[in-house]
Amino acid sequence: MSSIDFSTLTQKIAALLAAHPEQPVLIALDGRCGGGKTTLAGQLAEQFPASIVFHTDDYYLPPAQRIPDWEKIPCANMDLARLREELLRPARAGEPVFYRAYSCREGAYRPGQCIPAQPLSIVEGSYSHHPLLADCYDLKVFVTCSPAEQTRRLQAREGERYPSFAVRWIPLEEGYFKEYSIEEKADLVLDTTGHC
């Protein structure tokens, strides 16, 4: 595991794409909430136009399917089996992905869409490096920032919801990182502190 900057990351991805042009490349951006995963995924998609970005937030379990006390267990609110089978397996095989996003806000699945295979698939979001998924990727990047930067960004993003967000989600995420050594097992670490 080594710490890198954006330029180094794009060089690594370009090298992976060049090394086996006939085979799709899958990368995963996991890391701290407020760390910049979504922003980074968007920047990479601009840098590599023949790519598609997928979000782990679209793979939450509907509440009725969650186990009791799920809020105390890292990743228990995620449908990792569906993420692996519906997204990662076909993307890895160079096949179209039938993408069905689950909306927590609407409490329902959005209409599915068939997304053509792309040379580069970017999977961004918490829990994307979970051991059940980790073998699907060519590159795993842990995206982080300082605690002060995380607080500043999340306060700006969540507004008045920040206190409850911080009490609920940050400990779950940190528990997941610790339980599975997510940062230590990443191929690369990108610290976005001080960057937009």
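Residues numbered from 1 in each chain as written. Predicted model: local features only at pLDDT ≥ 70, side-chain atom pairs only at ≥ 80, totals over all residues. Heavy atoms only, no water.

Novice: Explain the state of the cysteines to me, and be specific about the residues and the numbers.
Specialist: Considering all chains together, one arrives at 0 disulfides under this definition. Free cysteine: Cys 136, not disulfide-bonded; nearest cysteine sulfur from Cys 75 at 13 Å. Assessed through its relative accessible area of 9%, Cys 136 is described here as buried. (Disulfide = S-S within 2.5 Å. Buried < 20%, exposed > 50% of the residue type's maximum accessible area, 1.4 Å probe, protein only.)

Novice: Would you mind going over the nonpolar core in detail, with residue names and values included?
Specialist: Judged by nonpolar contacts, the single largest core of 29 residues is most densely connected at Met 78, Leu 87, Leu 88, Tyr 99 and Tyr 137. The element best represented in this core is helix α3 (residues 80-93), accounting for 5 residues. Those residues in contact with Tyr 137 that lie beyond four places of it in its chain are Leu 26, Ile 27, Ala 28, Leu 88, Arg 92, Val 123 and Ser 128. With 18 residues, the next largest nonpolar core counts Val 25, Ile 27, Phe 48 and Leu 188 among its residues. (Core = buried A, V, L, I, M, F, W, Y, C linked by side-chain atoms within 4.5 Å. Helix = DSSP H or I, 4+ residues; strand = E, 2+ residues; numbered from the N terminus. Contact = heavy atoms within 4.5 Å.)

Novice: Could you give me a rundown of the pattern of salt bridges, with the residues and numbers involved?
Specialist: Across all of its chains, the model carries 16 salt bridges by this definition. The partner of Glu 149 in a salt bridge is Arg 152, with the nearest N and O atoms 3.0 Å apart. Within this pair, Glu 149 and its partner Arg 152 are both found in helix α4 (residues 147-158), separated by 3 residues, close to a single helical turn. Note that Glu 158 and Arg 161 form a salt bridge whose closest N and O atoms lie 3.3 Å from each other. Given the relative accessible area of 13%, Glu 158 is considered buried. Within the structure, one salt-bridge network assembled from shared partners comprises Asp 79, Arg 82, Glu 86 and Arg 100. (Salt bridge = Lys/Arg side-chain N within 4 Å of Asp/Glu carboxyl O.)

Novice: Break down the packing of aromatic side chains for me, citing the residues and quoting the values.
Specialist: A complete count under the given rule lists 8 aromatic pairs for this structure. Aromatic side chains Tyr 127 and Tyr 176 sit 4.6 Å apart centroid to centroid with 65° between the ring planes, which places their arrangement in the edge-to-face category. Of this pair, Tyr 127 sits in the loop between β8 (120-124) and β9 (139-144) while Tyr 176 sits in helix α5 (residues 162-180), placing them 49 residues apart in sequence. For the pair formed by Tyr 127 and Tyr 176, the shared burial category is buried. Linked through ring pairs, Tyr 127, Phe 142, Tyr 176, Phe 177 and Tyr 180 together constitute an aromatic cluster. (Phe/Tyr/Trp six-rings, centres within 6.5 Å; stacked < 30°, edge-to-face > 60°.)

Novice: How would you explain the side chain of Asp 58 if you had to name every residue and give the values?
Specialist: Mapped onto the secondary structure, Asp 58 falls in the loop between β3 (51-55) and α3. Within the buried set, Asp 58 has no salt-bridge partner at all; the shortest N-O distance to an opposite charge, 4.5 Å, is to Arg 110. Within polar-contact distance, the side chain of Asp 58 engages the side chain of Tyr 99 at 2.5 Å. Residues contacting Asp 58, with those up to four places away along its chain left out, are Arg 82, Tyr 99, Arg 100, Ala 101 and Tyr 102. (Lys, Arg positive; Asp, Glu negative; His and termini not counted. Polar contact = N/O pair within 3.5 Å; in protein donor to acceptor, adjacent residues only side chain to side chain.)

Novice: Which residues make up α3, and what values do they have?
Specialist: Spanning 14 residues, α3 covers 18 Å between terminal C-alpha atoms, matching the ideal 20 Å at 1.5 Å per step. Of the residues making up α3, those classed as buried are Leu 80, Arg 82, Leu 83, Leu 87, Leu 88, Pro 90 and Ala 91. Looking at the buried positions of α3, the neighbouring elements they touch are β2 (25-31), β3, β4 (97-99), β5 (102-103), β6 (108-109) and β8. One or two steps after α3, the chain reaches Gly 94, where phi turns positive at roughly 75°. (Expected span 1.5 Å × (residues − 1).)

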